[in-house]
Amino acid sequence: MTLGAAPAMAGTSAALLKRLHEKGILSDEEYQQLLREDEAENAAPAPAAAPVAAAAAPDSDRFVRRTASGVGLEVGDVTLSFSGSVNGFYVHDNPQTPSARTAVAGGIANVGGNSTSSVRNGLLPGFLKVEATTHQGGWDVGAHFGMYPGINSAAWGTLGANNGGQPTALATSGIDFRQTYLTFGRAGFGEIKIGRDIGLFGSDAILNDITLLSSGAPGGNVAPANTTLGRIGSGYIYTDFQPQITYTTPGFSGFKAAFGVFQPLSSLTGPAEQNGSPGFQAKLTYDGKLGPVGAHLWLSGITQKHDTVASAYSYTGKGLDVGAKLTVGPVTAVGYYYTAQGLGTTVLNLLDSDGQGHARDSHGFYAQALATFGKVSVGGSYGESRLDFANAVDAATTPTLVKKNSSYVGQVRYGLTSWVTLIGEYVSAKAQAHNGNSAKSDTVALGGILFF
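Parameters at a glance
Residues numbered from 1 in each chain as written. Predicted model: local features only at pLDDT ≥ 70, side-chain atom pairs only at ≥ 80, totals over all residues. Heavy atoms only, no water. Helix = DSSP H or I, 4+ residues; strand = E, 2+ residues; numbered from the N terminus. Rg over C-alpha atoms; globule rule 2.2 N^0.38 Å. Buried < 20%, exposed > 50% of the residue type's maximum accessible area, 1.4 Å probe, protein only. Contact = heavy atoms within 4.5 Å. Areas by Shrake-Rupley, 256 points an atom, 1.4 Å probe, with all protein chains shown as cover. Lys, Arg positive; Asp, Glu negative; His and termini not counted. Charge placed at Lys NZ, Arg CZ, Asp CG, Glu CD. Salt bridge = Lys/Arg side-chain N within 4 Å of Asp/Glu carboxyl O. Pairing = 2+ DSSP bridges. Phe/Tyr/Trp six-rings, centres within 6.5 Å; stacked < 30°, edge-to-face > 60°. Patch = residues over 30% accessible without salt bridge, like charges linked within 9 Å, V, L, I, M, F, W, Y side chains within 5 Å. Polar contact = N/O pair within 3.5 Å; in protein donor to acceptor, adjacent residues only side chain to side chain. Core = buried A, V, L, I, M, F, W, Y, C linked by side-chain atoms within 4.5 Å. 1 Å grid on protein atoms, 1.4 Å probe; cavity = no way out; pocket = protein on both sides within 12 Å on 5 of 7 lines; lining within 4 Å. Points joined across faces, edges and corners; volume = space filled by probe spheres on them. Nonpolar A, V, L, I, M, F, W, Y, C, P; charged D, E, K, R; others polar.

## Things to note about the overall build of the protein chain
No. 1: Secondary structure summary: the protein chain contains four helices and 19 strands in total.
No. 2: For a compact globule of 452 residues, the expected C-alpha radius of gyration is about 22 Å, and the protein chain comes in at 36 Å, more than 25% above that figure.
No. 3: Dimensions of the protein chain, computed from the C-alpha atoms along their principal axes, are close to 135 × 50 × 50 Å.
No. 4: Expressed as a percentage of its 452 residues, the buried residues of the protein chain come to 41%.
No. 5: Contacts spanning at least 24 positions in sequence make up 62% of the contacts within the protein chain whose residues lie at least 6 apart.
No. 6: Accessible area for the protein chain stands at about 22100 Å²; split by element, carbon and sulfur atoms hold 62% of it.
No. 7: Side chains of the protein chain give 29 positive and 33 negative charges; the mean places of these two sets differ by 12 Å.

What follows is the structure, given as structure tokens:
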């Protein structure tokens, strides 16, 4: 018989043959023959290995990578990005004691027999934004979703998650799904947006307001909703998130223009509507330098025909605003003004007419400054919104209609980390009616906000 081993086992084979020979199992002749065969086999070159197939190139479309910045990941040629915010404030409001002289229809100042305390969201609820973007056929395309949950329980009603609060056991908070829209665009063309997103008119007013990150005027503080008023109604009309098809131009020397068609909004105080045409909004912005001053300037407008079921009550709402944000060193200042007819004074189409097709004129402004020194920022602002009667009949029938809402805001911020900002704020809000009635409330808010 023949015993052999792979080269790596040569020593083992020789030892085994020796043991067999010593035990008498192999004769001397057999032992020597097998040793010669074993040595010859181990001395022979190993047979060539079968060629190994070249490894297939990895499929880059199946790679998952972290995005270069922010929170997100790249899957092939698709980028998924996530951003969000969480906030909460202890808000203590000291309202004026109610009386016949404090009744103001549409006033932002609270009235009540006792002071109130709440733990609530500020002007912003929390939010989580998810975006999927890619490049296809020469176009940059994207799908965008924005969910805005509050920390307070909601009393569901006409305004959904934005209805009043319900601070009782076993109640639940609500999610305001404000954003769901698609975009497509490319260099030299600009971008088209289709879906639900923030409006054009009045959007820069709220986005540059220091109370956006804090509380501002609390509105109702006994049963807090998912947001406060901030400076809404005491300096600007709330832009809102609205269904739209909007086109934005490419930038030209710092200038950009946007215009779009919008879902027509029904009046909150007027008769039933059956609108035959959409709303229209447009905005022009400039971003650049004016000497040593960094500048963001804007001008926007809105118009919508309200076709009421009783056509005699139809009217057109329209508005125009202008603003500037200027930065010099550590100081940023904002100035803003709007004028409108048939838009109301707080949110779009609230107190906008007398219900008989006669639009009410309104106008307002705010001025603001914020100075930052390291991690500490100190700021303040004043603003007011005014609303006129539609006519003499309106004056006679609604004497307590708000004439002016105003507020002072003082604010201190501390940047605890790159994500977390701690904020303390004092707000004095006042509402005045056309008949001389007035109400005043003073508020302190302490809390923080996180962005990622």
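Picking up after the structure, the text goes on.
## A short note on the pattern of salt bridges
No. 1: The full count for this structure, using the stated rule, is nine salt bridges.
No. 2: Between R386 and E384 there is a salt bridge, with the nearest N and O atoms lying 3.0 Å from each other.
No. 3: Note that D442 is salt-bridged to K440, the shortest N-O span being 3.0 Å.
No. 4: Ionic contacts of the salt-bridge type, sharing partners, join the residues E384, R386 and K404 into one network.

## Structural notes on the pairing of strand β11 (residues 279-290)
No. 1: Pairing between strand β10 (residues 255-262) and β11: eight bridges, direction antiparallel. Bridge pairing in β11 places A258 opposite K283.
No. 2: Across eleven bridges, β11 lies against strand β12 (residues 293-306) in antiparallel orientation. In the strand pairing of β12, Y286 is matched with L297.

## Some words on the packing of aromatic side chains
No. 1: Under the definition given, this model contains 15 aromatic pairs.
No. 2: Here Y247 and F259 contribute two aromatic rings whose centre-to-centre distance is 5.7 Å and whose plane-to-plane angle is 65°, an arrangement assigned as edge-to-face. Here the residue Y247 occupies a position in strand β9 (residues 241-248), and F259 occupies one in strand β10, the gap between them amounting to twelve residues.
No. 3: Among the residues examined, Y247 registers a relative accessible area of 22% and is labelled partly exposed.
No. 4: Considering the side-chain rings of F255 and Y286, the 4.8 Å spacing of their centres and the 45° angle between planes classify their relative orientation as tilted. Of this pair, F255 sits in strand β10 while Y286 sits in strand β11; the two residues are 31 residues apart in sequence, bridging distant segments of the chain.
No. 5: The class for F255 is partly exposed, based on a relative accessible area of 41%.
No. 6: Taken together, W139, F184, F189, Y247 and F259 form an aromatic cluster joined through their ring pairs.

## Concerning a nonpolar patch on the surface
No. 1: On the surface, F252, F255, L284, L299, L320, V322, Y337 and F365 cluster together into a nonpolar patch covering about 710 Å² of accessible area.
No. 2: Using a relative accessible area of 38% as the deciding quantity, one classes L284 as partly exposed.

## So, the side chain of T67
No. 1: Take T67: it is sitting in the loop between β1 (64-66) and β2 (71-75).
No. 2: A distance of 2.9 Å separates a polar atom in the side chain of T67 from the backbone oxygen of S69.

## A short note on the nonpolar core
No. 1: Membership of the largest hydrophobic core comes to 26 residues, with the highest contact counts inside it found for I206, Y236, Y336 and L343.
No. 2: For this core, the elements supplying multiple residues, two or more each, are β3 (78-95), α3 (203-207), β12, β14 (331-341) and β19 (438-451).
No. 3: The dominant element in this core, judged by the number of residues it contributes, is β14, at four residues.
No. 4: In contact with Y236, other than residues within four places in its own chain, are L123, A205, I206, D209, R231, Y336, Y338, T345, T346, Y366 and S385.

## Some thoughts on the layout of surface pockets
No. 1: Computed from the structure, the second largest pocket encloses a volume of approximately 470 Å³.
No. 2: Around the second largest pocket sit 22 residues that line it, and L200, T248, K256, A258 and K283 are the ones nearest its centre.
No. 3: Listed by contribution, the elements that provide at least two residues to the lining of the second largest pocket are β8 (190-198), α3, β9, β10 and β11.
No. 4: Class assignment for the residues of the lining of the second largest pocket results in six nonpolar, nine polar and seven charged.

## A closer look at the side chain of Q242
No. 1: As for its position among the elements, Q242 is in strand β9.
No. 2: Given a relative accessible area of 3%, Q242 falls into the buried group.
No. 3: Only 3.3 Å separates the side chain of Q242 from the side chain of Q281, close enough to count as a polar contact.
No. 4: Those residues in contact with Q242, other than ones at most four positions away along the chain, are G195, R196, D197, G199, F262, L265, Q281 and L348.

## Quick word on empty space enclosed by the protein
No. 1: Per the stated rule, a full pass over the model turns up one cavity of 30 Å³ or more.
No. 2: Computed from the structure, the largest cavity encloses a volume of approximately 90 Å³.
No. 3: Forming the walls of the largest cavity are 15 residues, and the residues nearest its centre are L265, Q281, I302, Q304 and N349.
No. 4: Counting only elements with at least two residues in the lining of the largest cavity, the list comes to β11 and β12.

## Remarks on the pairing of β8
No. 1: The pairing of strand β7 (residues 173-186) with β8 spans seven bridges and is classified as antiparallel. Considered in β8, the bridge of T180 is made with R196.
No. 2: Across eight bridges, the pairing between β8 and β9 is antiparallel. Across the sheet, I194 pairs through a bridge with I245, a residue of β9.

## Section: the environment of A324
No. 1: You can see A324 is positioned in strand β13 (residues 315-328).
No. 2: Judged by relative accessible area, which is 23%, A324 ranks as partly exposed.
No. 3: For the pair A324 and G335, spaced eleven residues apart in sequence, the C-alpha separation works out to 5.5 Å.
No. 4: When sequence neighbours within four positions are dropped, the list of residues in contact with A324 reads H296, L297, W298, A333, V334 and G335.

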